[in-house]
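# Structural overview for review
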Amino acid sequence: MRKEEIISGTSEYLMNTYGRYPIAMVRGKGAWVWDSEGKKYLDFVTGIAVNNLGHCHPSVVRAISAQSRKLVQVCNLYHIENQVEFARVLVENSFADKVFFCNSGAEANEGAIKLARKWGGANGGRYKIVHARDSFHGRTLGALSATNKKYQKGFKPLVPGFKSIPYGRIEPLERALRDEKVCAVMLEPIQGENGVIIPYADYLRDVRRLCKRKNTLLILDQLQVGLGRTGKLFAYEHYGIKPDIMTLAKALGGGIPCGAVLATNSVARHLSPGNHGTTLGGNPLAMSAGTAVLKTILEDGLLDNAAGMGEYFMSGLLSIKKEFGGLVRDVRGKGLILGVEFANAEAAKDAVVRCSNNGLLTILTEQKVMRILPPLTVKKNEIDHALEIIRRSLKEATVA
Ligand SMILES: Cc1ncc(COP(=O)(O)O)c(C=O)c1O
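Residues numbered from 1 in each chain as written. Predicted model: local features only at pLDDT ≥ 70, side-chain atom pairs only at ≥ 80, totals over all residues. Heavy atoms only, no water.

## So, the sheet that holds strand β3 (residues 40-43)
What links the strands of a sheet is backbone hydrogen bonding, and the strands pair in either a parallel or an antiparallel sense. Overall, mixed pairing links the four strands, which are arranged β1-β2-β3-β13 in an open sheet. The outermost strands of the open sheet, each flanked by one partner alone, are β1 (25-29) and β13 (360-361). (Pairing = 2+ DSSP bridges. Helix = DSSP H or I, 4+ residues; strand = E, 2+ residues; numbered from the N terminus.)

Spelled out as structure tokens, the structure:
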């Protein structure tokens, strides 16, 4: 199809749920994607933190090709070897004892909320979930009830039993936990959709301590900052703490839909057959892709690469901030989740569009922030290329 046909077909046949750029991607390799007109882009959107190994990584391609010839789906009425294999790698490399597999991030968060409520029911009839006001946990009704109000418009009534507090401050959480009906606190270790917001260094440690004191579960949504993005396999490792429940998706299946809820035995034991489930969750195809993703991250030194390349990128962004002080107000990040905050929403949008026109894909987040999510396989010369495009785009903006 020609680009015009693809774009008009989108409005003819698809529900109008996404604001899309007038670009149709048709091919990807490593950190690069090509559109329907043959234009090449450096992809630092990575499917919104999905393609952590870059596009079409040989280990994922090999795994899904082989698995697709063997068995794609059977359902959870039977034991599935690939689930055991993948869950074992996740358990051996995290705080968790048990895993539940599903298909998306919102679904993983739904599972976490249900698990916390099941635990809460057995621990004094507790059911309330405390979450951060500006968080993003997904679009299904339970996850949406724990998400920033602006996404909730038009969908009320939501699920009752959710209380929001400001992110990154411990006193409001302390007050919220005086309510004895609270069973869990649900947070992102770094807020992605809210503009790459990194809380003060001891925040998660303080939250963990408070949850322990109140016998309340800590759920960490690591969808965006799990699987190596911050330079550790899971972001909680930076803070010397462990959650009780963690959710994963996005990069988990290397692009094949896959989500997971991970928990300690003492929490997971509250679920029994019939409590929760999904037909497609944990299917052999997604499991084979996920195992390949995780093994590659661990065995190919990608955690070190994410940490090192993250620092290198950040130093380049800091010098851009110095150069374009009027336009760029802040740069921040951890590993390979990076944010450039602009003076205003118009400047940020203009920068994201100019970068895209110049061959670098980034995401506009919370209006004022350009979010940058390179693959963990990114090379120094690709970061140099991205920095050159950002610099060129900002120069164009200042003379326009
Ligand atoms: C932190 C976080 N949680 C949950 C979600 C929802 O995930 P999904 O789109 O797979 O449902 C997202 C998506 O951006 C996210 O960033």
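Still more ground to cover, so stick around.
## Notes on the domain arrangement of the chain
You can read the domains of the chain as domain 1 (3-57 + 301-399) and domain 2 (58-299). Relative to domain 2, the C-alpha centre of domain 1 lies at a distance of 26 Å. Facing 30 residues of domain 1, the contacting portion of domain 2 comprises 34 residues. Buried area between domain 1 and domain 2, both sides added, is near 2500 Å², and the carbon and sulfur share of it is 60%. It is His57, Leu303 and Lys334 in domain 1 that bury the most area against domain 2; as a group they hold 26% of the surface buried on that side. Across the domain 1-domain 2 interface, the total number found is two salt bridges. Measuring nitrogen to oxygen at the nearest pair gives 3.0 Å for the salt bridge that ties Glu193 to Arg371. (Domains from an automatic or database assignment. Contact = heavy atoms within 4.5 Å. Buried area = accessible area lost by both parts, 1.4 Å probe. Salt bridge = Lys/Arg side-chain N within 4 Å of Asp/Glu carboxyl O.)

## Some words on helix α10 (residues 284-299)
For α10, built from 16 residues, the straight-helix expectation of 22 Å at 1.5 Å per residue is met to within 8% by its first-to-last C-alpha distance of 22 Å. At the C-terminal side of α10, Gly301 shows a positive phi close to 70°. (Expected span 1.5 Å × (residues − 1).)

## Describing the site of the ligand
Inspection of the region around the ligand gives 13 residues, with Gly105, Ala106, Asp221, Gln224 and Lys250 positioned closest. In the environment of the ligand, a nitrogen atom lies 3.2 Å from a nitrogen or oxygen atom belonging to the backbone of Phe136. Between the ligand and Asp221, the relevant distance is 2.7 Å, taken from a nitrogen atom to a side-chain nitrogen or oxygen of the residue. Contact with the protein chains removes 81% of the 390 Å² of surface that the ligand exposes when unbound. The element best represented in the shell around the ligand is helix α5 (residues 105-122), accounting for three residues. (Near = heavy atom within 4 Å. Polar contact = N/O pair within 3.5 Å; in protein donor to acceptor, adjacent residues only side chain to side chain. Areas by Shrake-Rupley, 256 points an atom, 1.4 Å probe, with all protein chains shown as cover.)

## Things to note about the packing of aromatic side chains
Enumeration over the complete set of coordinates arrives at seven aromatic pairs. Their ring planes at 10° and their centres at 5.3 Å tell us that Phe86 and Phe101 sit as a pair that is stacked. With a gap of 15 residues between them, Phe86 in helix α4 (residues 81-92) and Phe101 in strand β4 (residues 98-102) connect regions that are remote in the sequence. In terms of burial, Phe86 and Phe101 fall into one category: buried. (Phe/Tyr/Trp six-rings, centres within 6.5 Å; stacked < 30°, edge-to-face > 60°. Buried < 20%, exposed > 50% of the residue type's maximum accessible area, 1.4 Å probe, protein only.)

## Observations regarding the packing of helix α12 (residues 345-357) against helix α13 (residues 380-399)
Contact geometry of α12 with α13 gives a least axis separation of 9 Å together with a crossing angle of 125°. As far as their axial angle goes, α13 and α12 are oblique. For the pair α12 and α13, the sense of crossing is right-handed. Facing α12, whose interface residues are Asp350, Ala351, Arg354 and Cys355, α13 presents Ile389, Ile390, Ser393, Leu394, Glu396 and Ala397. For the contact of α12 with α13, the per-class residue count stands at six nonpolar, one polar and three charged. (Axes fitted to C-alpha atoms, helices over the stretch in contact; angles between N-to-C directions. Parallel < 35°, antiparallel > 145°, perpendicular 65-115°, else oblique. Left-handed = near helix turned anticlockwise from the far one by under 90°. Nonpolar A, V, L, I, M, F, W, Y, C, P; charged D, E, K, R; others polar.)

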